[in-house]
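Here is what each chain is made of, one letter per residue.
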Amino acid sequence: MGNADFECPHRVAIPPSKPLFKSLQSSFKETLFPDDPFRQFKNQPLAKKFILGLQYFVPILEWAPRYTFEFFKADLIAGITIASLAVPQGISYANLANLPPILGLYSSFVPPLVYAMLGSSRDLAVGTVAVASLLISSLLGKEVSPYENPTLYLQLAFTATFFAGIFQALLGILRLGFIVDFLSHATILGFMGGAATVVCLQQLKGILGLIHFTHETDIVSVMRAVFGQKHQWRWESAVLGCCFLSFLLLTKYFSKRKPTFFWINAMAPLTSVILGSLLVFLTHAEKHGVQVIGHLKKGINPLSVSELAFGSPYLSSAIKTGIITGIIGLAEGVAVGRSFATFKNYHIDGNKEMIAFGMMNIAGSCTSCYLTAGPFSRTAVNFNAGCKTAVSNIVMATAVMITLLFLTPLFHYTPLVVLSSIIIAAMLGIIDYEAAIHLWNIDKFDFVVCMGAYIGVVFFSVEVGLVVAVTLSLLRVLLFVARPRTFALGNIPNSMAYRSIDQYPIANNVPGVLILQIDAPIYFANSNYLRERIQRWIYEEEEKLKSSGQTSLQYIILDLSAVGSIDTSGISMLEEVKKNSDSKGLKLVLANPRSEVIKKLDKSKFIENIGQEWIYLTVAEAVAACNFMLHTCKPNPAAIELQGRENMV
């Protein structure tokens with residue numbers, strides 16, 4: 001390809017067109033099946049395909065035959081360790097969600113068993129999470145008071161958990177997990193930090209022994225509720241809370257300094273519960289303003305299928321709560337699972353995780369559990385305890401079952417202030433200010449997204465914070481799509497490489513040639529911007545050459561190597577750029593158009609319009625052709641046409 005005197009060594013090939021069905025099939029597979037999960041079924045007999053299918057959807061069937069006694073010993077220790085954390089955390093988080101404390105134990109029994117069968121992570125420890133508990137309390141508490149109508153509130157919590165499970169499972173089955181990816185790392189960091197701050201502030205109710213408290217979650221309402229009831233502060237409760245909080249923070253600090261003693265931090269919550277219960281029992285502190293849990297019903301999870309409030313007038317609120325908590329639970333759980341999987345160099349399937357989370361929450365909603373996910377604190381303890389497989393979740397569930405059957409009366413005297421201390425100690429670890437500083441140093445916009453989510457949660461509400469965070473993240477995506485970057489390229493000395501002049505100041509401009517690289521697909525959303533930006537590049541280059549007295553601009557080379565696709569608006573933009581270039585006596589040249597782009601340019605007749613001899617495989621070949629035309633004193637075809645029009649005038 002080339003003109004009469006310059007022969008380009010390579011020709012840009014136009015890929016053969018595919019049948020419509022085949023093209024749609026390929027696009028569908030690329031979008032929803034990037035990991036090609038069906039490759040293991042190829043060329044397998046029907047019986048083998050059936051077995052592989054069962055192992056795919058129920059991963060425990062795949063790894064259980066290889067399970068060893070050595071693995072069991074490690075999982076047994078890890079399971080008992082996380083059970084010691086699950087019991088006090090479960091009670092604490094249920095209390096945070098304004099649900100009966102026993103539900104926290106129920107939620108650490110059935111869901112871990114379901115996850116152990118369906119989950120793909122070896123390290124994730126399943127249980128209730130603080131942020132989801134706060135969301136349930138915040139969203140449902142606005143519709144139904146958990147104190148005035150506890151039965152309906154409980155039914156709505158089960159219903160919200162059911163719809164969270166349905167939503168999570170559908171995302172996994174339909175392989176729509178990329179929806180969760182719209183919650184960026186910065187979004188989750190700010191949202192979780194804000195929610196943790198709110199949770200800590202709300203625990204002042206338990207620390208100070210207050211009975212009545214606000215249902216609002218913003219910092220102003222919480223502070224007003226705290227300082228508006230100074231006459232009701234109980235010093236006994238405050239002293240007890242500060243002592244246990246100090247103990248928990250000290251054990252956490254010590255475990256960080258000495259990782260081999262991780263179990264000290266893991267056992268600290270249960271130790272606090274035992275010591276607090278003994279202290280209250282021996283001193284009768286419950287008669288002096290220290291509130292206790294009270295009676296916990298013995299026995300394993302009762303069925304709650306009949307409690308699902310599908311006919312309730314508040315069903316829409318339950319669905320909204322379920323979807324929001326489901327997304328947050330997925331985002332946290334999948335992120336935590338992937339983080340720990342990288343340490344052991346194995347891969348977890350995000351879609352399998354979504355199905356596992358969905359099924360365990362559907363099962364949980366029918367067995368008196370509320371929303372569960374994969375909390376970081378419990379998973380970190382499980383990892384540090386040396387777990388090998390998801391059997392550690394089964395061991396934890398067994399330990400919780402024993403607690404439910406025989407040990408619940410022992411928690412009667414557990415002070416609520418200890419639960420508040422456990423929650424505060426856990427939440428302080430979620431407020432990651434170092435990560436926020438890291439965002440500021442690397443990407444200012446990510447920092448703005450993070451702080452937007454944080455401020456929205458802390459000063460307004462959890463919903464506002466979530467909306468602000470998602471809106472800012474989507475705004476960034478739209479900005480990337482609508483305002484793609486364009487770069488002027490220059491030649492790296494002593495090479496055939498052409499790179500951004502901003503990135504490589506040593507790169508040299510090519511006299512008479514402006515080389516521009518478009519760094520994104522060209523769509524209707526950015527076509528007008530790109531047209532105007534290219535025209536500005538041309539204008540600025542002409543002005544610069546004119547002021548410096550250098551060779552006038554003759555050629556515009558567009559490097560399309562980063563343009564993965566183009567639509568009809570983008571093709572119209574290229575046509576307009578060509579017309580504008582022709583009107584100025586400039587010749588438009590294309591370099592390295594990708595497969596989808598060249599195919600559409602061919603079908604739209606743009607190749608005929610620009611001339612196939614002006615489309616090159618690389619920027620270097622395009623520059624060589626332009627230099628040949630310039631150095632042989634051959635006039636630019638566009639300039640000839642422009643001169644002819646001027647002569648006619």
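Note that the structure is a prediction, hence the values are computed from the model and not measured.

Conventions we followed
- By convention here, each chain's residues receive numbers from 1 onward along its written sequence.
- Whole-chain, interface and lining totals are the exception, using all residues; otherwise, since this is a predicted model, local features are given only for residues with pLDDT of at least 70 and side-chain atom pairs are given and counted only at 80 or more.
- Excluding hydrogens and water, the side-chain figures rest on all heavy atoms present in the structure.
- Orientation is described by axes fitted as lines to C-alpha atoms, over the contacting stretch for helices, and by angles from 0 to 180 degrees between their N-to-C directions.
- Secondary structure elements follow DSSP: runs of H or I of four or more residues count as helices, runs of E of two or more count as strands, with numbering from the N terminus.
- Angular relationships are summarised with four words: roughly parallel below 35 degrees, roughly antiparallel beyond 145, roughly perpendicular across 65 to 115, and oblique for the angles in between.
- Each helix crossing is assigned a hand: it is left-handed if the near helix lies turned anticlockwise from the far helix by less than a right angle, otherwise right-handed if that turn is clockwise.
- Contacts: residue pairs with any heavy atoms within 4.5 Å of one another.
- We call Asp, Glu, Lys and Arg charged. Ala, Val, Leu, Ile, Met, Phe, Trp, Tyr, Cys and Pro are nonpolar, and the rest, Gly among them, are polar.
- Burial here depends on accessible area, computed with a 1.4 Å probe over protein chains only, as a share of the maximum for the residue type. Under 20% is buried, over 50% is exposed, and the range in between is partly exposed.
- Pairs of strands are assigned from DSSP output, requiring at least two bridges between the strands.
- Classification remark: right-handed applies to a crossover when, strands pointing away from the viewer, the course from the first strand over the helix to the second runs clockwise.
- UniProt positions are given in the numbering used here, feature names are shortened, and annotations may be inferred rather than shown by experiment.
- In what follows, salt bridge is the name for a side-chain nitrogen of Lys or Arg lying within 4 Å of a carboxyl oxygen of Asp or Glu.

**Q** Which parts of the structure should I look at to understand the packing of helix H4 (residues 69-96) against helix H17 (residues 391-407)?
**A** The geometry of a pair of packed helices is captured by two quantities: the angle between their axes and the separation between those axes. For the pair H4 and H17, interaxial distance at closest approach is 7 Å and the crossing angle is 50°. Judged on the interaxial angle alone, H17 and H4 are oblique. For H4 against H17, the interelement crossing comes out right-handed. For the pair H4 and H17, the contacting residues are Phe 72, Asp 75, Leu 76, Ala 78, Gly 79, Ile 80, Ile 82, Ala 83, Ala 86 and Val 87 in the first and Val 391, Ser 392, Val 395, Met 396, Ala 399, Val 400 and Thr 403 in the second. Taken together, the residues of the contact of H4 with H17 break down into 13 nonpolar, 3 polar and 1 charged.

**Q** What is the right way to read the pairing of strand S5 (residues 587-591) from this model?
**A** Residues in a regular strand point their side chains to alternate faces of the sheet. Among the 5 residues that make up S5, 5 are buried, leaving the element largely enclosed by the rest of the structure. Side chains Lys 587, Val 589 and Ala 591 of S5 all project onto a buried face; the interleaved residues Leu 588 and Leu 590 project onto the opposite face, where all are buried too. As judged from the 5 bridges shared by strand S4 (residues 555-559) and S5, these two strands associate in the parallel manner. From the neighbouring strand, Ile 556 faces S5, where its bridge partner is Leu 588. You can see the chain leave S4, run along helix H23 (residues 568-583) and come back into S5, and the turn it takes is right-handed. Relative to strand S6 (residues 615-616), S5 is paired through 2 bridges, and the arrangement is parallel. Each bridged residue has a counterpart across the sheet, and for Ala 591 the counterpart in S6 is Tyr 616.

**Q** Help me out: how do you make sense of the environment of Leu 315 in this one?
**A** One can find Leu 315 in helix H14 (residues 315-343). For Leu 315 and Ile 437, which are 122 residues apart along the polypeptide, the C-alpha to C-alpha distance reads 41 Å.

**Q** Can you walk me through the UniProt feature "domain: STAS" (unreviewed entry) in the chain in this structure?
**A** Per the UniProt record, the feature "domain: STAS" (unreviewed entry) sits at residues 503-626. Structurally, residues 503-626 comprises 48% helix and 15% strand, and the distance from its first C-alpha atom to its last is 24 Å.

**Q** In this structure, what is going on with unusual backbone geometry? I would like to understand it.
**A** Positive phi, close to 60°, is recorded for Asn 98, a residue that is not glycine. Here Asn 98 is to be found in the loop between H4 and helix H5 (102-106). For Asn 98, a relative accessible area of 23% gives the class partly exposed. Positive phi values are uncommon outside glycine, yet Asn 592 reaches one of about 55°.

**Q** Could you clarify how one ought to interpret the sheet that holds strand S1 (residues 486-491) in this entry?
**A** Within a beta sheet, neighbouring strands are joined by backbone hydrogen bonds and run either parallel or antiparallel to one another. Strand order in this open sheet of 6 strands is S2-S1-S3-S4-S5-S6, and the pairing throughout is mixed. A strand with exactly one partner marks an edge of an open sheet, and here the two such strands are strand S2 (498-500) and S6. As defined by bridge partners, S1 adjoins S2 across 3 bridges and the pair is classed as antiparallel. Across the sheet, the residue bridging to Asn 491 is Tyr 498, located in S2. The sheet strands contacting helix H22 (residues 527-548) are S1, strand S3 (513-518) and S4, and the helix crosses S3 at an angle near 155°.

**Q** How should I be thinking about the pattern of salt bridges in this particular structure?
**A** Pairing between side chains becomes possible if they bear opposite charge and their charged atoms approach one another. The tally for this structure, following the rule as stated, stands at 12 salt bridges. Taking the shortest distance from any N to any O, the salt bridge between Arg 476 and Asp 443 comes out at 2.4 Å. A residue pair is termed long-range when its members are at least 10 positions apart, and Arg 476 in helix H21 (residues 462-482) and Asp 443 in the loop between helix H19 (433-442) and helix H20 (444-459) qualify at 33 residues. Note that Glu 596 and Lys 599 form a salt bridge whose closest N and O atoms lie 3.5 Å from each other. With Glu 596 and Lys 599 both in helix H24 (residues 595-603) and 3 residues apart, this pair spans about one turn of that helix. The partly exposed category is assigned to Glu 596, whose relative accessible area is 37%. Through salt bridges with shared partners, one network takes in Asp 443, Asp 446 and Arg 476.

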